Amino acid sequence: MKPLSIGIILGSTRQGRVSPQVGNWVKDIADRRGDGNYEIVDIADYQLPFFGEGTGEEPGLIAWPEKLTSLDGFVFVVQEYNHSITGVLKNALDSARSEWNNKAAGIVSYGSTGGARAAEHLRGILGELLVADVRTHPTFSLFTDFENFKTFKPAELHVEKINEMLDQLIAWSGALKTLR
Ligand SMILES: Cc1cc2nc3c(=O)[nH]c(=O)nc-3n(C[C@H](O)[C@H](O)[C@H](O)COP(=O)(O)O)c2cc1C
């Protein structure tokens, strides 16, 4: 059977963002498992127009659903902006539809309260997109898992939680593949 393809989606695109550090750290743990092909999916690479405002022919707008089609599951790297997800992540979610359906997702979040409020908002959106989000949700504190809010230095205990989340994500991604 073909290995599962899992996209680790970086939810922020701002200059100076920390999401690449978090995404790469998750990917390092995931790659050691040998149970799937994990890749970083950076929304910034797609330069998605704001939904409905482009010509519909922007290369990124075509490449984005194609990338999602190639994936069996997702890890969302979520940061809390004003108690919710970023505008760019919401726009990226809106910029595809059927390509999300019947797939699984795990959420990793960070913020002053671990990004919990943003992650819970994302769960509601994922329901509408027929994405099954797994229970285990590793959360990172801006105060204790980052140095100066900039350099990611996660506490060791998070490694176990990441693996627990990935166990659930791989199981559900495999199961949901049979529906597609
Ligand atoms: C516009 C904006 C709003 C924010 N609002 C919150 C918030 O409501 N709660 C919180 O915990 N952190 C908040 N933060 C702090 C971010 O979680 C923190 O800056 C984080 O590093 C952002 O992720 P990024 O570096 O990947 O962009 C906010 C940051 C920005 C830029």
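So, how was this worked out
- Residues numbered from 1 in each chain as written.
- Predicted model: local features only at pLDDT ≥ 70, side-chain atom pairs only at ≥ 80, totals over all residues.
- Heavy atoms only, no water.
- Salt bridge = Lys/Arg side-chain N within 4 Å of Asp/Glu carboxyl O.
- Helix = DSSP H or I, 4+ residues; strand = E, 2+ residues; numbered from the N terminus.
- Buried < 20%, exposed > 50% of the residue type's maximum accessible area, 1.4 Å probe, protein only.
- Axes fitted to C-alpha atoms, helices over the stretch in contact; angles between N-to-C directions.
- Parallel < 35°, antiparallel > 145°, perpendicular 65-115°, else oblique.
- Left-handed = near helix turned anticlockwise from the far one by under 90°.
- Contact = heavy atoms within 4.5 Å.
- Nonpolar A, V, L, I, M, F, W, Y, C, P; charged D, E, K, R; others polar.
- Near = heavy atom within 4 Å.
- Polar contact = N/O pair within 3.5 Å; in protein donor to acceptor, adjacent residues only side chain to side chain.
- Areas by Shrake-Rupley, 256 points an atom, 1.4 Å probe, with all protein chains shown as cover.
- Pairing = 2+ DSSP bridges.
- Right-handed = clockwise from strand over helix to strand, strands pointing away.
- Expected span 1.5 Å × (residues − 1).
- Arc of directions from axis to C-beta.

*Asks:* Could you clarify how one ought to interpret the pattern of salt bridges in this entry?
*Replies:* When their charged atoms lie close together, side chains carrying opposite charge are able to pair. One pass over the structure, following the stated rule, counts 14 salt bridges. With a shortest N-O distance of 2.8 Å, Arg17 and Asp42 are connected by a salt bridge. With Arg17 in the loop between β1 (5-10) and α1 (19-31) and Asp42 in strand β2 (residues 37-42), this pair connects stretches of sequence that are 25 residues apart. Judged by its relative accessible area of 11%, Asp42 falls in the buried class. Its salt-bridge partner being Glu147, residue Lys153 comes within 2.8 Å of it at the nearest N-O pair. Note on Lys153: relative accessible area 44%, which makes it partly exposed. Here the residues in one salt-bridge network are Arg33, Asp35 and Asp167, joined through shared partners.

*Asks:* So what exactly am I meant to see when it comes to the packing of α1 against helix α5 (residues 158-177) here?
*Replies:* Helices that pack against each other are described as a pair by the angle of their axes relative to one another and the distance between those axes. Between α1 and α5, the least distance of the axes is 10 Å, while the angle of their chain directions is 65 degrees. In this view, α1 runs roughly perpendicular relative to α5, as classed from their interaxial angle. The handedness of the crossing between α1 and α5 comes out as right-handed. Packed against α1, whose contacting residues are Trp25, Val26, Ile29 and Ala30, the element α5 presents His158, Val159, Ile162, Asn163 and Leu166 at the interface. Residue composition of the contact of α1 with α5, grouped by class: 7 nonpolar, 2 polar and no charged.

*Asks:* Sorry, what's going on with the site of the ligand here?
*Replies:* If you check the shell around the ligand, you find 15 residues, and the closest are Ser12, Tyr81, Asn82, Tyr110 and Ser112. Within the contact set of the ligand, an oxygen atom lies 2.7 Å away from a side-chain nitrogen or oxygen of Tyr81. Relative to its unbound accessible area of 610 Å², the ligand is 75% covered by the protein chains.

*Asks:* Can you walk me through the pairing of β2 in this structure?
*Replies:* Consecutive side chains along a regular strand alternate between the two faces of the sheet. Pairing of β1 with β2, which is carried by 6 bridges, proceeds in the parallel orientation. By the bridge assignment for β2, Ile6 is matched with Tyr38. Between the parallel elements β1 and β2, the chain passes through α1 in a crossover that is right-handed.

*Asks:* Any chance you could explain unusual backbone geometry here in plain terms?
*Replies:* A negative phi angle characterises most non-glycine residues, just as the trans form characterises most peptide bonds. Not every positive phi belongs to a glycine, and Leu130 is a case in point at roughly 55 degrees. On the accessibility criterion, Leu130 (47% relative accessible area) is partly exposed. At Asn148, a residue that is not glycine, the phi angle is positive and equals roughly 55 degrees. By secondary structure assignment, the location of Asn148 is in the loop between β7 (146-147) and β8 (151-152).

*Asks:* Please clarify how the environment of Gly115 should be interpreted in this entry.
*Replies:* Summarising the element assignment, Gly115 is placed in the loop between β4 (103-111) and α4 (116-128). In this structure Gly115 comes out as buried when scored by relative accessible area, which is 0%. Residues in contact with Gly115, not counting those within four places in the same chain, are Glu80, Ser109 and Tyr110.

*Asks:* Help me out: how do you make sense of α1 in this one?
*Replies:* For an α-helix, the turn length of 3.6 residues means that residues three or four places apart are oriented alike. For α1, which comprises 13 residues, the first-to-last C-alpha distance of 18 Å matches the rise-based estimate of 18 Å (1.5 Å per residue) to within 8%. Residues Ser19, Val22, Gly23, Trp25, Val26, Ile29 and Ala30 constitute the buried set of α1. The buried residues of α1 all sit within an arc of 160 degrees when viewed along its axis, so they share a single face.

The values are spatial; any link to function lies outside them.
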